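Summary of structural features
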Amino acid sequence: MGEAPQDMEDFQRAYSRLCKDSGAEPQDSVLQQLHELPRGRLDLAAQSLTVDTCRALGKLLQSALLRELVLSDCMLSEEGATLLLQGLCANSVVRSLDLKGNNLRALGAEALGRLLRQNKSIQSLTLEWNNLGMWEDAFATFCGALAANSALRQLDLRNNQITHKGAEELALALKMNSSLKELDLRWNNLGLLGGRALASCLPSNRTLWRLELAGNSIPGDILRAVEQAMSHNQDQQASLRENQARTQVLSKEVRTLQEEKSRQFLDLMETINKQREEIARSGRATAVQVAQLQEALNERHSIIKALKAKLQMAEAALVLSEQKAQDLGELLTSSEQKQQSLAQRQAREQRLEQQEAAEREAKLLRDLSAANEKNLLLRNQVDELERKSKSLQEQLFMARQELTTVSTELKMRAVQAEERLELEKKRSRQNLEDSEQLRSKEVEHMTRHLEDSERAMQERLQRLEAMRLSLEEELSRAKAVVLSERSQAEEELIKAKNQVRLEEQQHRAHLEERLRLLTQARDEAQGTCLQQKQVVSEAQARAGQLSLQVEGLRRRLEELQQELSNKDQEKVAEVARVRVELQEQNGRLQAELTAQEALKEKAAALERQLKVIMSDHREALLDRESENASLREKLRLKEAEMARIRDEEAQRASFLQNAVLTYVQGSPLRAPSPQK
């Protein structure tokens, strides 16, 4: 409401300026109406407009933002009407034009024809109480423009002296026009011929649904035929609007479905891309870590090789010193009894160790059988309860960890046995045992026993590895079966993870307790070794009195043995530390591999879900296409039915025309009867 006065003042000033430019005075009545101008509507009804006013208004109407223009009963002259209509030709805003009661004639009809040809915005045109039909050529021009117009929806031609000739021109225009919906021709002079011409054109026009012909001396049967044609067009328009509405609704649904599916597809692709990026990053990090671990392992191997070389050199020096010490064997006969007691003690210790090894081996066999039973139980559970596949996988993983821990314990025990063997060698070398052959035999026997035990353990590990591979194959088959029910097992998976975490903690505590016990046993063995070292030192003190050369050789031997023992301890500690680090790194790598496998499974699940969504989308599109095809088929059937009805209406109109002609001419009926 704030902009309306400004618009009215501009319009008034422009009108006054144009009138003064043409040398005329602006009309007060027009200025008053412009002052009271509502927004979008100009009402100059019953105002006598001069030619100068019409010229000024015509120029203003070229760009005026008016939707309705009322010029009824303005007593417009031919020139004034032409000027106004010429200005409206360039206007693209006006929707309604009222020229009622202006006595428009030939020039006005021609100006209206130009308006209908050039203007594309006027939808309602009121021409009541004019004389357009009295000049046939001008009215024919108007009808030709009406035929070419595609914007006009409503036309009022009441009381325009239109004859049957004008009706024929209107009929020709209606055959070509495809936008006019309402036509009012009441109170003209159409007569029988005009009504017949209009009735004959209606089968070709599908958009006109209201035609008023009262007061034109048209017979009732023609009026009824016109009413039937109008009702038929109304039904067609209603069905067309209904079909259009349905088509729009279906198209909107299809678009919404397509947008939703595309959005879901994009979200899934983005999620898959993110997961692939995470997998790639983790793979790169794992590769870097593996490379670093490989480099560290290579360095450790080089260090171990150097230590082995030093150890061989020390052993060679030890062999030389032992050969020199054999010459002193005769002087140490007094220590044979002690040596025998020591040998018996060592034999007892070896027997105890063998018993312990046998017990440990039996325990390992029992653990292995228990693990086998557990694996069989897990396999039965996989066959019976596919939903608990993840818990089976976790239990298998635990069994694999137990196998790895058992193998590491066996290796550690072998290393401890080697350490004990080395300690026994040191004691035997320090005490200058009676015979090197007996010790070498014992060493060879112990080495063979350890090698046999190690080979047995390796064979057991190979069997366990084969069993693990078979279990993994069965697990892969079980995975293929349980993939379909993975979504139902997610909650149980979370519970199983928590349970496995608790069991892992308990197992870790158990392993720590066993490690503590092993360290205690190692400390006890070291104490025993110290006691034996003390005994050997006493024997060396007694033997040192024999000769200075023997003492020098013994000191040299002690120094070499001490260096060798330090090197051995360093080597053992280094190897143990490296093994622990490798085990930890292997555990981390295995955890990362399990995480990567889980990510791969998630990616596969997402891909399957994407395939399901795409198949659903394709099915929905096929359903929509089938529905559209059925609707098109229904529309084709409706059009065929409408064509048939049009043909029937045309046949009925021809029958009616023949009947009217025979009735007018007074001749007998020549048209074929309905029975024929």
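For the structure given in this document, a descriptive report is provided here. Predicted model only: the values in this text are computed from it and were never measured. (Residues numbered from 1 in each chain as written. Predicted model: local features only at pLDDT ≥ 70, side-chain atom pairs only at ≥ 80, totals over all residues. Heavy atoms only, no water.)

Comments concerning the overall build of the protein chain
Heads up, the rule is: Under the DSSP-based scheme used, a helix requires at least four consecutive residues in state H or I and a strand at least two consecutive residues in state E, with every element numbered from the N terminus. Both definitions apply: the radius of gyration is a C-alpha atom measure, and the globule rule equals 2.2 Å times residues to the power 0.38. Burial here depends on accessible area, computed with a 1.4 Å probe over protein chains only, as a share of the maximum for the residue type. Under 20% is buried, over 50% is exposed, and the range in between is partly exposed.
Scanning the protein chain from N- to C-terminus turns up 14 helices and seven strands. For 676 residues, the compact-globule estimate of 2.2 N^0.38 gives 26 Å, and the protein chain exceeds it by more than 25% at 57 Å. On the principal axes, the C-alpha backbone points of the protein chain span a range of 170 × 75 × 35 Å. Counting the 676 residues in the protein chain, one finds 34% classified as buried.

Describing the pattern of salt bridges
Any two side chains of opposite charge can pair if their charged atoms end up close together. Our working definition: By convention in these notes, a salt bridge is any Lys or Arg side-chain nitrogen within 4 Å of a carboxyl oxygen on Asp or Glu.
Scanning all chains against the criterion turns up 26 salt bridges. The salt bridge partner of glutamate 79 is arginine 55, with a shortest N-O separation of 3.7 Å. Of this pair, glutamate 79 sits in helix α4 (residues 78-88) while arginine 55 sits in helix α3 (residues 51-61), and the two are 24 residues apart along the sequence. You can call glutamate 79 partly exposed: its relative accessible area is 47%. With a relative accessible area of 29%, arginine 55 lands in the partly exposed category. The residue arginine 455 makes a salt bridge to aspartate 452 at a minimum N-O spacing of 2.0 Å. Here arginine 455 and its partner aspartate 452 are both found in helix α12 (residues 436-482), three residues apart, which amounts to about one turn of the helix. Residue classification places arginine 455 among the partly exposed residues on the basis of a relative accessible area of 41%. When its relative accessible area of 38% is taken as the criterion, aspartate 452 is described as partly exposed.

Section: the side chain of glutamate 182
For clarity, the threshold we go by: By the criterion applied in these results, polar contacts are pairs of N or O atoms within 3.5 Å in which, for protein atoms, one can donate a hydrogen and the other can accept it, and in which residues neighboring in sequence qualify only through two side-chain atoms. The criterion used for residue contact is that any of the two residues' heavy atoms lie within 4.5 Å.
Relative to the helices and strands, glutamate 182 is located in strand β6 (residues 182-184). Within the structure, glutamate 182 has its side chain in polar contact with the side chain of arginine 210 (distance 3.4 Å). Every residue in contact with glutamate 182, bar those within four places of it in the chain, is listed here: Arg153, Gln154, Leu155, Leu208, Trp209 and Arg210.

Section: unusual backbone geometry
The residue alanine 46 is not glycine, and still its phi comes out positive at about 65°. Mapped onto the elements of the fold, alanine 46 is located in the loop between β1 (41-43) and α3. Owing to a relative accessible area of 58%, alanine 46 belongs among the exposed residues under this scheme. Even without glycine at this site, methionine 75 takes up a positive phi of about 50°. Here methionine 75 shows up in the loop between β2 (68-70) and α4. For methionine 75, a relative accessible area of 63% corresponds to the exposed category.

Side note on the environment of threonine 404
Here threonine 404 lies in helix α11 (residues 389-431). Distance in space between the C-alpha atoms of threonine 404 and leucine 461 is 9.1 Å, their sequence separation being 57 residues.

With respect to the packing of helix α5 (residues 106-118) against helix α6 (residues 136-148)
Two numbers describe a pair of packed helices, the interaxial angle and the distance between the axes. This is how the line gets drawn: Comment: axis = line fitted to C-alpha atoms, over the contacting stretch for helices; angle = value between 0 and 180 degrees taken between N-to-C directions. For classification purposes, angles smaller than 35 degrees are called roughly parallel, those larger than 145 roughly antiparallel, those between 65 and 115 roughly perpendicular, and all remaining angles oblique. Crossing handedness is defined as follows: a turn of the near helix away from the far one that is anticlockwise and smaller than a right angle gives a left-handed crossing, while the clockwise case is right-handed.
Two numbers describe how α5 lies on α6: the axes approach to 8 Å, and their chain directions differ by 10°. By the angle between their directions, the pair α5 and α6 is classed as roughly parallel. As for the relative orientation of α5 and α6, their crossing is left-handed in sense. Along the contact surface, α5 presents Ala106, Ala109, Glu110, Leu112, Gly113, Leu116 and Arg117, while α6 presents Ala138, Phe139, Phe142, Gly144, Ala145, Leu146 and Ala148.

Brief notes about the nonpolar core
For clarity, the threshold we go by: Within this scheme, the nonpolar core is defined by two criteria: the residues are buried Ala, Val, Leu, Ile, Met, Phe, Trp, Tyr or Cys, and they are joined through side-chain atoms within 4.5 Å.
With 72 residues, the main nonpolar core has Leu127, Leu155, Leu157 and Leu185 as its most contacted residues. Per element, the largest residue contribution to this core is seven residues, and it comes from α6. Every residue in contact with leucine 155, bar those within four places of it in the chain, is listed here: Leu125, Leu127, Phe142, Leu146, Leu180, Glu182, Leu183 and Asp184.

Brief notes about the layout of surface pockets
Where we set the bar: In this analysis a 1.4 Å probe is tested at points of a 1 Å grid over the protein atoms alone, and where it fits but cannot get out there is a cavity; an open set with protein on both sides within 12 Å along at least five of seven lines is a pocket; lining residues have an atom within 4 Å of a point. Grid points are joined across faces, edges and corners, and a volume is the space filled by probe spheres set on the points. Only Asp, Glu, Lys and Arg are considered charged in this grouping, and only Ala, Val, Leu, Ile, Met, Phe, Trp, Tyr, Cys and Pro are considered nonpolar; every other residue, Gly among them, is considered polar.
Quantified by volume, the second largest pocket comes out at close to 400 Å³. Contributing to the lining of the second largest pocket are 23 residues, with Leu364, Asp367, Leu368, Glu402 and Val406 lying nearest its centre. Those elements that place two or more of their residues in the lining of the second largest pocket are α10 (336-384), α11, α12 and α13 (490-543). Considering each element in turn, the lining of the second largest pocket owes the most residues, eight residues, to α10. For the lining of the second largest pocket, the residue count by class is 13 nonpolar, three polar and seven charged.

Digging into the state of the cysteines
Our working definition: Disulfides are defined as cysteine sulfur pairs within 2.5 Å.
The final tally for this structure, using the stated rule, is zero disulfides. A disulfide-free cysteine, cysteine 74 has its sulfur positioned 8.0 Å from the sulfur of cysteine 54, the nearest such atom. A relative accessible area of 0% means that cysteine 74 is categorised as buried.

Some words on the sheet that holds β6
Heads up, the rule is: If DSSP finds at least two bridges between two strands, the strands pair.
Spatially, β1-β2-β3-β4-β5-β6-β7 is the arrangement adopted by the seven strands of the open sheet, whose pairing is parallel. Edge positions in the open sheet fall to β1 and β7 (210-212), since each of these has one partner strand only. Strand-to-strand twist in this sheet, taken as the mean axis angle between neighbours without regard to direction, amounts to 0°. The sheet contact formed by strand β4 (residues 124-126) and strand β5 (residues 154-156) spans three bridges and is parallel. Bridged to serine 124 within β5 is glutamine 154.

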